[in-house]
Amino acid sequence: MSANDGEIKMVMAVIRPDKLADVKRGLAEVGAPSLTVTNVSGRGSQPAKKGQWRGEEYTVDLHQKVKIECFIADIPAEDVVEAIRDAAHTGEPGDGKVFVMPVDSAVQVRTGKNGLDAV
């Protein structure tokens, strides 16, 4: 049986942009070097920031983050989650979140392989 009970998992994390290099290194160390990275903005428990520009006050309540997606089959999802959590942790609000979801199917475009073979 494979590491995820024969299933493909997607591990998605939203983290601070400055922690991306650490997370990439951590993922490589657990054998999960393949990832997709997207620049995103959002809000959670991290407080809004107030600022002033040309005499006008403004509030920034959407913070710049990085979304990482990893599709895995032969590496335990728990190992990937732990690698991301350890590498992205600062202890401050806004460190991010990690989600694990099942993947119903996968197809590799180049070869046409399906399921676990596509990952």
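Residues numbered from 1 in each chain as written. Predicted model: local features only at pLDDT ≥ 70, side-chain atom pairs only at ≥ 80, totals over all residues. Heavy atoms only, no water.

- Under an unreviewed UniProt entry, the chain has the name P-II family nitrogen regulator and belongs to Halogeometricum salsisoli.
- For the record of the chain, the UniProt heading Sequence similarities (unreviewed entry) holds the text "Belongs to the P(II) protein family." (UniProt positions renumbered as here; feature names shortened; annotations may be inferred.)

1. Structural notes on the sheet that holds strand β5 (residues 63–72)
In sheet architecture, strand pairing relies on hydrogen bonds along the backbone and comes in two forms, parallel and antiparallel.
So, step 1. Pairing in this open sheet of 4 strands is antiparallel, and the strands run β2-β5-β1-β6 from one edge to the other. Only two strands of the sheet have a single partner each, and these edge strands are β2 (36–42) and β6 (96–103). Each adjacent strand pair in this sheet contributes to an overall mean axis angle of 20°, direction not counted.
So, step 2. Here strand β1 (residues 8–15) pairs with β6 via 8 bridges, running antiparallel. Within β6, the position partnered with K9 by the bridge is P102. (Pairing = 2+ DSSP bridges. Helix = DSSP H or I, 4+ residues; strand = E, 2+ residues; numbered from the N terminus. Axes fitted to C-alpha atoms, helices over the stretch in contact; angles between N-to-C directions.)

2. Structural notes on the side chain of K19
So, step 1. Looking at the element boundaries, K19 is found in the loop between β1 and α1 (20–29).
So, step 2. When sequence neighbours within four positions are dropped, the list of residues in contact with K19 reads A87, A88, H89 and T90. (Contact = heavy atoms within 4.5 Å.)

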